[in-house]
Every structure is written in C-alpha cells, then in structure tokens.
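Coordinate inspection notes
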Amino acid sequence: MDIHVDVVVIGAGGGGAILGLLLAKKGIRTLVLEQASGPPHGIRGEILQPNGQKILDDLSLLDQLPQNAVQPVRHFHFRQIGGKRLCSIDYAELSPPYNRALVTLPHVAHRTVLEALEKQNPGGLWYNASFTNVLKKGRKIIGVEADVQGKPVRISANLVVGADGPASKVRESLKIPTKLYRYPESYLVAILDCPEKLDEAQYFLGKKEILGLFPAAKGKIYLVYLIDAESQNAIHAAGVEPLQKRWSAMYPELSATFQGFTNWEQSTVMPTGRTRARTWVTDGAVLIGDAAHGMNPHASQGRMQAMVDATVLADLIPSCLAEDNFEESRLKVYEKQRRPKVEMLQRLADEEAFFWNTGNPVLAWLRNRVFSTIDENRRLKYQVLTATAGLRETPPFGLLDRFLALGLVPDPRADQRPPHALS
Ligand SMILES: Cc1cc2nc3c(=O)[nH]c(=O)nc-3n(C[C@H](O)[C@H](O)[C@H](O)COP(=O)(O)OP(=O)(O)OC[C@H]3O[C@@H](n4cnc5c(N)ncnc54)[C@H](O)[C@@H]3O)c2cc1C
C-alpha cells in the first residue's frame, strides 16, 4: 500500500500526539504512526506543569481530564532526610488559573489527548505501526517506510516528524550526530494507596538519596525514589521490606502507606537520560521532544517541552505548506525558536541532578544552604518556581543570584517578586 499525507508523525507520545491533534485541527492531512498496540498502560506518574496545562487548555482538553483522576497540588516542600525543612514552594505565587501543579493518575492526560486525536482525525492514528526507514530523493526526505501490523507500507509526505523518543530511529535514519548520556541514577516509581492524608508534595533529600511523595487522586500517592541505575536487581533481591522501613524512617507520617507496598508490581523502574541532537531539522524532516532533546526529570519539563515543540511546529507548518517549502533553512525557524529555552532547561536539570543527587557531604551541605537561603528570599524562590513551571525563557539565576543564593551576603531585593515570567 502506498499513501500520501501532508505530514507523517512517528510516535504518539507526549509530543507526537499533541502535534497530530494540532495539525488535524488546522485541516492538515496528518498520519501518526505508533509502534505500541494501543494507548499506554502501566505505572507512570505525571505532573502537569502550568505551561503544559495552558497547552491542554488551549486545546479545550484541560477541563475534559477526568476530575477524579487529577489532583491539584499547590505546595512542594523540600526537607533534609533526618533533618529540617529546607524550602517550600507555593504555586499560588503564579497567576491563576495555572497556579498549581496537576498530579494525574497514570496516562490520564495522554489518553485524553489520544482520544481527541482519534475523534478529530478518524483513521489518522495507526497503532502497531513501526517506522523502519526514511524515503529519500537526493538529500530530501520524502516519506517513510513502516511495518504496519506485520506488512510493509510506504507513506510519502511533505514532512516527516520524528517524535519517537530518546532512542529515536528516525534520528538514526537521518544520520544526525547525537550525544546520548545515561545518568548513573534511575527512579523507582510507585503508585500507592494512601490511608493517611497527604495534601502537599514532599521531597526528602539526603546523600545520594531522594524520596518524592506527591498526592494523587483517589486517595493515592505517587512515589519516586532515586536508585543507582545498576542496583535494580540487588534491590529486588533484598525484597520490599528494606524500602518500607527506609521510607517510614524518613516520613513516619505515611508508614501505613509504605506498609502497603508489598510487591514489585506496584512499581516500575525508569532510567534517566539526556539527548542532544546536533540539528533538529533536515530537508523534509524534523525532530521533536526527547528525540531532539531529552533531559533529566529533575526539571519536571521533559514532556511539557515536547508539547511546546509541537505547538511551535504546528504554527510553522501551514506556511511551509502554502510555500511548498520544507527545506532545512525554512524548518530552522522552529529550531531557532526552541533550542535556547530547551538547552537552558537541560543545563538547569543537570545542575539540579548534580547537587540534589550528590553523595558528597560538602556539596550536600552547599545544596541545603542554597535551599534554606531561597526559602527566605521571595525573589529567588519565584525565579525557581517559574523555571519549573515552564514560564521562563532565561535561566532562573544569573551569576550574582548564584552568589546571593549561598547566603553569604544579604540580598537587598529579597522581598521583591520580579514583574516578568507570568504568561
Ligand atoms: C522518572 C521520570 C519522570 C518524568 N517526569 C516528568 C514530569 O513530571 N513532567 C514532564 O514533563 N516530563 C517528565 N518526564 C519526561 C517525559 O516522560 C518525556 O520527556 C516525554 O515523554 C517525551 O515525550 P516524547 O513525545 O518526546 O517521547 P515519548 O513520550 O517517549 O513518545 C515516543 C513514542 O514513540 C513511539 N515509538 C518509538 N519508536 C517508534 C517507532 N520506530 N515507530 C513508531 N513509534 C515509535 C513510542 O512507543 C512512544 O509512544 C519524566 C521522565 C522520567 C524518566
């Protein structure tokens, strides 16, 4: 079977599904290929930051998220393991209506987007459809080959979008040089019933140890625990009891919740990585999301940035179609707009990973001191919040702010909230 569409998107993940929906709404003939056999299942926590909430709202999808699966969270507290509270962040500092984080039960937002895509573009999302290679005419990409339910299919398109995640096959076929980095830490992620009450998110930071607890809907919590990337087998061999005990020692208020963690099926382990593709565009093809720029999850922005990529690209594609121009130089407009912000977030996430995950007592002491200084400094705290919320174009701290965050000299503007960063 040979078919033609305007745009073929590889991957119906965080970025690809949003792009498929945006393009279909603009009346652009779009086909999304997804290798999985259907919408995703399994354990996965999801925090929708304000920038992602706005994108879903603009698509009229935010109000359609099942309310019994979404938990608004305003306060995030950072604590030293076995010690004091270091810092508390309050999303109410942001402008309404996006002045909270939304913790959703697994895949709730993603499934809502996929359903909207299927309604808007019936037959435009193919499951069991794996990209195998690009089709070329000279240097120009003119479509893809795919394996669809075991049969080879050729799809010609004006634009091929690689939205196929960090191990992108599209990127590989385009021979785009890429730096892939696997962090030495992974996350054990669990969704647990919570008989106790947890209204506010809690982060416990130690030496090479982090426990994050986020209130979720239906009386559950979403738990993330930093582990050594190589330690999964050893942790499994030791059984769940050591973890129950360790978490209970850190936060006795939720002991009953931790006792409810009785088997590994309540959890999953997620590796963490960073991707840096040298270019995101070639003649007739473009990369979005983790395929172009995966980042450490500390930024809490990976999926959000894949969604922002989709909105920027969806705004550019109609003029490319009108001009019949999908050359690299035309598509660079998208990359030029997105790369600076994404690289800023990648650097920020790396810095956070360096200090938050550290096992070095001096660095841990410095980290705790910076958290405590930020807690007393409304201006710096607001800058940190707007970065996590995805509302900044520039880094949260300049050189002077870094010095002030050490708390060695007072900040004369500590009580001021900067006027920008609301959108
Ligand atoms: C522990 C952890 C916590 C995280 N928490 C957050 C968070 O709180 N907020 C946040 O914004 N981000 C978070 N992220 C990051 C986020 O998950 C990713 O950045 C995001 O999913 C990237 O979206 P994407 O569309 O680029 O790729 P993906 O969502 O990975 O989608 C890629 C899709 O392509 C499909 N695919 C792959 N190969 C092929 C092929 N050959 N043919 C067809 N289809 C293919 C895959 O099946 C998949 O559906 C977290 C990540 C981790 C590891």
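A brief structural summary. Please read these numbers as outputs of a predicted model, since none were measured by experiment. (Residues numbered from 1 in each chain as written. Predicted model: local features only at pLDDT ≥ 70, side-chain atom pairs only at ≥ 80, totals over all residues.)

Our next topic: the overall build of the chain. Broken down by element type, the chain carries 13 helices and 18 strands. A compact globule built from 423 residues would reach a C-alpha radius of gyration of about 22 Å, and the chain, at 22 Å, matches this within 12%. For the chain, the spread of C-alpha atoms along the principal axes amounts to about 65 × 50 × 40 Å. When burial is assessed residue by residue, the chain has 45% of its 423 residues classed as buried. Restricting to contacts in the chain with at least 6 residues of sequence separation, those with at least 24 account for 74%. (Helix = DSSP H or I, 4+ residues; strand = E, 2+ residues; numbered from the N terminus. Rg over C-alpha atoms; globule rule 2.2 N^0.38 Å. Buried ≥ 20, exposed ≤ 12 C-beta atoms within 10 Å, placed from the backbone. Contact = placed C-beta atoms within 7 Å.)

All right, on to the environment of Leu316 then. With respect to the helices and strands, the residue Leu316 is situated in helix 9 (residues 302–323). The exposure class of Leu316 is partly exposed, given the 16 C-beta atoms found within 10 Å. The spacing of Leu316 and Val333 is 17 residues in sequence and 8.0 Å in space, taken between C-alpha atoms. Once you skip the residues sitting within four places of it in the chain, Leu316 turns out to touch Val333 and Tyr334.

A separate point is the nonpolar core. Counting residues in hydrophobic clusters, the biggest one holds 118 residues, and the most contacted among them are Val8, Leu19, Val160, Val161, Val286 and Ile288. It is helix 9 that provides the largest number of residues to this core, a total of nine residues. Mapped onto the domain boundaries, this core takes at least three residues apiece from domain 1 (2–62 + 106–180 + 275–349) and domain 2 (73–105 + 181–272). Those residues in contact with Leu19, other than ones at most four positions away along the chain, are Val9, Val161, Ala163, Ile288, Ala310, Leu313 and Ala314. (Core = buried A, V, L, I, M, F, W, Y, C linked by C-beta atoms within 7 Å. Domains from an automatic or database assignment.)

Within the structure, the ligand sits among 32 residues, and Gly11, Gly13, Gly289, Gly302 and Arg303 are positioned closest to it. The set of elements that each furnish at least two residues to the shell around the ligand consists of helix 1 (14–25), strand 9 (129–137), strand 12 (178–193), strand 16 (267–277), helix 8 (290–293) and helix 9. For the shell around the ligand, the element with the highest residue contribution is helix 9, accounting for four residues. A breakdown of the residues in the shell around the ligand according to their chemical character gives 14 nonpolar, 13 polar and five charged. Each of domain 1 (2–62 + 106–180 + 275–349) and domain 2 (73–105 + 181–272) accounts for three or more of the residues forming the shell around the ligand. (Near = placed C-beta within 6 Å. Nonpolar A, V, L, I, M, F, W, Y, C, P; charged D, E, K, R; others polar.)

This next bit is on helix 9. End to end, helix 9 covers 32 Å across 22 residues, agreeing with the expected 32 Å (1.5 Å per residue, within 8%). Of all the bends in helix 9, the greatest, near 25°, is centred on Leu316, and the proline Pro318 appears no more than four residues after it. Positive backbone phi, at 50°, marks Asp324, one or two positions downstream of helix 9. (Expected span 1.5 Å × (residues − 1). Bend = angle between axes of the 7 residues up to and from the residue.)

This brings us to the sheet that holds strand 12. Here seven strands make up an open sheet; going across it, the order is 6-5-13-14-15-12-16 and the pairing mixed. Taken across any chain shown, the strands that pair with only one partner, and hence form the sheet edges, are strand 6 (85–90) and strand 16. On average, each strand axis in the sheet is inclined to that of its neighbour by 20°, with strand direction left out of account. Sheet topology places strand 12 next to strand 15 (residues 220–228); nine bridges connect them, and they run antiparallel. Within the sheet, the bridge partner assigned to Leu192 lies in strand 15 and is Ile221. Its contacts with the sheet place helix 11 (residues 361–375) against strand 5 (75–80) and strand 6, and it is angled at close to 45° to strand 6. (Pairing = 2+ DSSP bridges. Axes fitted to C-alpha atoms, helices over the stretch in contact; angles between N-to-C directions.)

With that out of the way, let us pick up the environment of Pro395. Along the chain, Pro395 falls in the loop between helix 12 (378–388) and helix 13 (399–405). Judged by the 15 C-beta atoms lying within 10 Å of it, Pro395 falls in the partly exposed class. It is 8.9 Å that separates the C-alpha atoms of Pro395 and Arg347, two residues lying 48 residues apart in sequence. Once residues lying within four places of it in the same chain are set aside, the contact partners of Pro395 are Met344 and Leu348.

Attention now moves to the packing of helix 1 against helix 3 (residues 108–120). Look at helix 1 against helix 3: their axes get within 9 Å of each other, and the N-to-C directions meet at 30°. With respect to each other, helix 1 and helix 3 are oriented roughly parallel. Where helix 1 crosses over helix 3, the handedness of that crossing is left-handed. For the pair formed by helix 1 and helix 3, the contact residues are Gly14, Ala17, Ile18, Gly20, Leu21, Ala24 and Lys25 on the first element and His110, Val113, Leu114, Ala116, Leu117 and Gln120 on the second. Taken together, the residues of the contact of helix 1 with helix 3 sort by class into eight nonpolar, four polar and one charged. (Parallel < 35°, antiparallel > 145°, perpendicular 65-115°, else oblique. Left-handed = near helix turned anticlockwise from the far one by under 90°.)

With that out of the way, let us pick up the sheet that holds strand 3 (residues 46–48). Across the sheet, which stays open at both edges, the three strands sit in the order 3-7-4 with antiparallel pairing between neighbours. At either end of the open sheet lies a strand with only one pairing partner, and these are strand 3 and strand 4 (70–73). Each strand axis lies, on average, 30° off the axis of its neighbour in the sheet, ignoring direction. Two elements, strand 4 and strand 7 (residues 101–104), share four bridges in a ladder whose sense is antiparallel. Paired with Val73 across the bridge in strand 7 is Ala101.

All right, on to the pairing of strand 1 (residues 2–10) then. Two elements, strand 1 and strand 11 (residues 151–162), share eight bridges in a ladder whose sense is parallel. Bridged to Ile3 within strand 11 is Ile155. As paired strands, strand 1 and strand 2 (residues 30–33) are joined by four bridges and run parallel to one another. Directly across from Ile10, in strand 2, lies its bridge partner Leu33.

To continue, consider the pairing of strand 5. Each regular strand shows side chains that alternate between the opposite faces of the sheet. In this structure, strand 5 lies alongside strand 6, joined through five bridges in antiparallel fashion. In the strand pairing of strand 6, Phe76 is matched with Ile89. Joining the antiparallel neighbours strand 5 and strand 6 is a turn of four residues, in which Gly82 adopts a positive phi near 75°.

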